[in-house]
Amino acid sequence: MNTIAAPASAPGPSDAGATFSTYPLTQIDLGVGGMTCASCVTRVEKALRKQPGVSDATVNLATESARVTLSGVDEAESLARIKRAVRDAGYEPRTLEAMDEVAVERVMGVPRDLLPVLIGAVLSAPLVVPMVGDLFGRHWMLPAWIQFLLATPVQFVLGARFYRAGWHALKARTGNMELLVAIGTTAGWALSTWLWWRAEAGEMPHLYYEASAVVITLVLLGKWLEARAKRQTTAAIRALHALRPDRAHLLPDGVRRTETTDVAVDELLPGDVIRVLPGERFAADGTVVQGHTQADESMLTGESLPVSKDVGDGVTGGSLNGDGAVDVRVRAVGAQSVLARIISLVQDAQAGKAPVQRMVDQVAAVFVPVVLAIALVTLLGWLGTGAPLEEALLHAVAVLVIACPCALGLATPAAIMAGTGVAAQHGILIKDAQALEIAHKVDTVAFDKTGTLTEGHPRLTVIEAAPGVDEIAVLQVAAALQAQSAHPLARAVLEAAASRAIEVAANAAQDVQAVSGRGSQGRVNGALFALGSLRWMGELGAKLGPLDERAKALQAEGATVSVLASQTPGDAASAAAWSPLALLAFGDEPKAGAAEAIAGLRAQGMRLFMVSGDNRGAALAMATRLGLRADHDEVIAEVLPGDKATIVRKLRAAVVGDRLHTVAMVGDGVNDAPALAAADVGMAMSHSQGASADVAMHAAGITLMRGDPLLVAAALDISRRTVRKIRQNLFWAFAYNVAGIPLAALGFLSPVVAGAAMALSSVSVVSNALLLKRWKPPQR
């Protein structure tokens, strides 16, 4: 059982008048053993939602788990009620860890869940062999009493699970697969026993014990194959869990000591210093404080090449250390680590239901009663035509056996698990099933420019000082204003100052204020300075004068131009004025693969837009290098951070034919979060760690774990392929029942063939979903 604190969300219209409880909104994950079909899912969900304090409950047949959302109740008390409700519904509440243990438990070297199948096959084989012999003119029919002794243990011992589950379903006034199998096979067994009992001495009646025994064995075989395939769909989660090392080499006194103490990873605290030896996995997120190495982060980001790590570089827990020993200061542990958040996101996506699954649940709710009615009509119909009772009963049994909602229940979750799992292995984290289903309809992609399509590491390329102004003095003042800023342009200014050996004290500027989307201002040596965009200078009334033409030329070359200005105090006759001192031009480079990503999306027929806060000249120059077309309004420049969400809403509001466009927004920082949330699908590039990446990840439906624009097309591709698999599975699941039930009712299928077909349907659905595991993103 896992407990998760539900993330807080911004209040919306529905929050008006809400009251707040002492207890927070929490989520509980637990395993549910014994579910076999979509009807089981519906019954467990209904039982859970009836419990006090349960605001929502979602059950996943593929993972055999339930996620319950609690509101305003004590968690411990509610957990006991939830487990009781699951048990009363006829299923076994378990911890998620116990579910994994059951899956691998072995008896005498044989998987425990395979044992009933093998026993059933041994007991059923002597009943089937005479039937095969009849085809070749051999009469090997066993005496009735031997058939009875072979079939009865299969029916009532190996088949006991069907009776138990069917009985629980009847008590709950519903139906499930087990009820259909129990009724059908019991009818076949009872008919055979009755025919044997009423036969004359020495007479050998035609019995149907083999039908019941073989059907039960085939159903058990199908369930075993299905469970084996389902375990493969959870391989991605297990692989991520396996990345966590159990022990860490702790330096008790930090880097002052050379001796280490081995401690459990759970005991690590932020601030601890650990030593990571060559070939070991990093035990926690942190920063390298000593040594040099290379890290293999392929299991987390999908990037196959090792990443160089020096002092000051961040490392991610779970990644593999290369050939150097390094000391790492722990930054995040437990649920706050990147690996834990990745696992949580993948589990959330696999636990959720796609919108299409709601329709499947509605069908499953009435499926079993309808099948029972069809079986009764089949029995009466054949009897009405004058058929013998045993023939009519066999046709009704075939209807009961072939009609199974198992495939319906597995069609959607199996595909979602396989799709989200393989996506995670390649650095694409899909937040929920809804994002997955919407992403396949995307026809418009809007990119933030800086850090998404460009490297996001601009360099200060030109300082154009006004006449009489010293360039070094300009750089000193600019660096002082930007000393406490994390903006990419601020870092470029500080790097330029450091390259010229200009030292800037942290308190060199006072009263510094950041003006969103414009720049910053503050006092240096008592004078008031402003450093920001040309747009802001226009709002301040600063006249560029002789710098104006140079600014236009730099913009035409694709540079981002900022202006450093000082305020001249006014007097009684005039107000204070701003005087430009210098132009600062910054250059950025397109990311490797950005132009290729744009071309690939355009080839798919996507509408493409680049949203930038830069002046139009700089934005157009970069767009040309990226392959975007300014003449098609694909460049939206001079956008303030707060206006990006408005731009996205306008793109969504555009009508194409009889529908609206479906828009994906791709960004990488805090200022992109509103736009990511406003899009149909937000995609966050998490190429950094920290608060900025966290905000973007929470606002987005899809997180790209490395800053590669090609992952955008890959994310859309895996979503399309996953939705295609869902549709294929649902088609075959429905078609199987729509075709199979009439054929069985009309007498074209025997119970044995029906049982084999029913077992095959579930296995085929899961196997089809597993084909997604072969997916690979397009390579550069």
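Please read these numbers as outputs of a predicted model, since none were measured by experiment.

Undergrad: Let's hear about the overall build of the chain: which residues, and what values?
TA: Along the backbone of the chain there are 27 helices and 31 strands. Of all 780 residues assigned to the chain, the portion counted as buried reaches 50%. Considering only intrachain contacts with a sequence separation of at least 6, the fraction spanning at least 24 residues in the chain is 71%. By element, 58% of the accessible surface of the chain is carried by carbon and sulfur atoms, the whole surface being about 34900 Å².

Undergrad: Residues and numbers for the sheet that holds strand E16 (residues 326-332), please.
TA: An order of E9-E8-E10-E16-E11-E14 is seen for the six strands of this open sheet, with the pairing classed as antiparallel. The sheet is open, and its two borders are formed by strand E9 (261-264) and strand E14 (314-315), each paired with just one other strand.

Undergrad: Break down the packing of aromatic side chains for me, citing the residues and quoting the values.
TA: Counted by the stated rule, this structure contains six aromatic pairs. Considering the side-chain rings of Phe148 and Tyr209, the 6.2 Å spacing of their centres and the 75° angle between planes classify their relative orientation as edge-to-face. Here Phe148 is found in helix H5 (residues 144-158), whereas its partner Tyr209 is found in helix H8 (residues 209-233), with 61 residues between them in sequence. Centroid distance Phe156 to Tyr163: 5.7 Å. Interplanar angle 20°. Geometry classified as stacked.

Undergrad: Please provide a residue-by-residue account of a nonpolar patch on the surface, values included.
TA: On the surface, Trp194, Trp197, Leu376, Leu380, Leu383 and Leu389 cluster together to form a nonpolar patch covering roughly 670 Å² of accessible area. Those elements giving two or more residues to the nonpolar patch turn out to be helix H7 (177-198) and helix H12 (355-384). If you tally residues by element for the nonpolar patch, the top one is H12, at three residues. You can call Trp197 exposed: its relative accessible area is 71%.

Undergrad: Before we move on, could you go through the packing of helix H26 (residues 710-745) against helix H27 (residues 751-770) and cite the residues and values that matter?
TA: In contact at an axis separation of 9 Å, H26 and H27 are set at 175° when each is read in the N-to-C sense. One element, H26, and the other, H27, form an angle in the roughly antiparallel class. Every residue of H27 that contacts H26 at Lys725, Gln728, Asn729 and Tyr736 is listed here: Ala754, Ala757, Met758, Ser761, Val765, Asn768 and Ala769. Each residue belonging to the contact of H26 with H27 can be placed in one class, and the counts come to six nonpolar, four polar and one charged.

Undergrad: For the nonpolar core, give the residues involved together with the corresponding values.
TA: The nonpolar side chains of soluble globular proteins are, as a tendency, buried together. Grouped together as the largest cluster of nonpolar side chains are 130 residues, with contacts concentrated most on Leu48, Ile428 and Val445. Of all the elements, H26 adds the most residues to this core, at 14 residues. In terms of nonpolar packing, the next biggest core, distinct from the first, is built from 23 residues, Val493, Phe529, Leu581 and Leu584 among them.

Undergrad: Kindly report on unusual backbone geometry, identifying the contributing residues and their values.
TA: A positive phi angle, near 60°, is found at Ala501, a position not held by glycine. The backbone phi angle of Asn525 is positive, close to 55°, even though this residue is not glycine. As for its position among the elements, Asn525 is in the loop between strand E21 (519-524) and strand E22 (527-533).

Undergrad: An account of the pairing of strand E4 (residues 65-70) is requested, with residue identities and associated values reported.
TA: Side-chain positions along a regular strand alternate between the two faces of the sheet. The buried fraction of E4 amounts to six of the six residues, a majority that puts the element mostly inside the structure. Burial of the side chains of E4 extends over both faces: Ser65, Arg67 and Thr69 are buried on one face and Ala66, Val68 and Leu70 on the other. Relative to E4, strand E3 (residues 54-60) runs antiparallel, the two sharing six bridges. Looking at the pairing, Val59 lines up with Ala66 of E4. Taking the residues that link successive antiparallel strands as the turn, the E3-E4 hairpin has four residues, and the phi of Glu64 there is positive, at about 50°.

Undergrad: An account of the side chain of His661 is requested, with residue identities and associated values reported.
TA: By secondary structure assignment, the location of His661 is in the loop between strand E28 (659-660) and strand E29 (663-667). Polar contacts involving the side chain of His661 include one to the side chain of Asp443, which spans 3.0 Å.

Undergrad: Explain the sheet that holds strand E23 (residues 560-568) to me, and be specific about the residues and the numbers.
TA: The strand order E19-E24-E23-E22-E21-E20 describes an open sheet built from six strands, whose pairing is antiparallel. Each edge of the open sheet is held by one strand with a lone partner, namely strand E19 (459-465) and strand E20 (509-515). Between one strand axis and the next, the sheet turns through 20° on average, direction left out of account. Taken together, the six bridges between E19 and strand E24 (residues 577-587) define a ladder with antiparallel strand orientation. Its bridge partner being in E24, Ile463 is matched across the sheet by Leu584. Along the sheet, helix H18 (residues 488-499) makes contact with E19, E23 and E24, crossing E24 at roughly 85°. Each of E19, E23 and E24 touches helix H20 (residues 548-556); the most contacted strand, E24, lies at about 25° to it.

Undergrad: Before we move on, could you go through the environment of Val639 and cite the residues and values that matter?
TA: Tracing the sequence through the fold places Val639 in the loop between strand E26 (635-636) and helix H23 (644-653). Distance in space between the C-alpha atoms of Val639 and Asp614 is 7.5 Å, their sequence separation being 25 residues. Beyond its immediate chain neighbours, meaning those up to four positions away, Val639 contacts Val611, Ser612, Gly613, Lys644 and Ile647.

Rules and cut-offs
- Each chain has its residues counted from 1, following the order in which its sequence is written.
- Restriction of local features to residues with pLDDT of at least 70 applies here, the model being predicted, together with a cutoff of 80 or more for giving and counting side-chain atom pairs; totals for whole chains, interfaces and linings are based on all residues.
- Hydrogens are left out, water is left out, and the side-chain values use all remaining heavy atoms of the structure.
- Going along the chain from the N terminus, every DSSP run of H or I of four or more residues is numbered as a helix, and every run of E of two or more is numbered as a strand.
- Here the term buried applies to any residue with accessible area under 20% of the maximum for its type, exposed to any over 50%, and partly exposed to those in between, with areas from a 1.4 Å probe on protein chains only.
- Working rule for contacts: check all heavy atoms of both residues, and any pair within 4.5 Å makes them a contact.
- Per-residue and other accessible areas were derived by the Shrake-Rupley procedure at a 1.4 Å probe size, with only the shown protein chains allowed to occlude residues.
- Between any two strands, pairing holds if DSSP finds at least two bridges.
- Stacked, tilted and edge-to-face are the three classes applied to pairs of Phe, Tyr and Trp rings, where Trp contributes its six-membered ring and a pair requires centres within 6.5 Å; stacked means planes under 30 degrees apart, edge-to-face means over 60, and tilted covers the rest.
- Excluding any residue in a salt bridge, patches collect residues exceeding 30% relative accessible area, merging like charges within 9 Å and nonpolar Val, Leu, Ile, Met, Phe, Trp and Tyr side chains within 5 Å.
- When a carboxyl oxygen of Asp or Glu is within 4 Å of a side-chain nitrogen of Lys or Arg, the pair counts as a salt bridge.
- Every axis corresponds to a line fitted to the C-alpha atoms, with the helix fit spanning only the stretch in contact, and the corresponding angles, defined between N-to-C directions, vary from 0 to 180 degrees.
- Put simply, angles under 35 degrees are roughly parallel, angles over 145 are roughly antiparallel, angles from 65 to 115 are roughly perpendicular, and the rest are oblique.
- Gly falls in the polar group here, along with every residue not listed as nonpolar (Ala, Val, Leu, Ile, Met, Phe, Trp, Tyr, Cys, Pro) or charged (Asp, Glu, Lys, Arg).
- We define a nonpolar core as any set of buried Ala, Val, Leu, Ile, Met, Phe, Trp, Tyr and Cys residues linked to one another through side-chain atoms lying within 4.5 Å.
- Polar contact is the term for a pair of N or O atoms within 3.5 Å; when the atoms are in protein, one must be able to donate a hydrogen and the other to accept it, and sequence-neighboring residues count only if both atoms are side-chain atoms.

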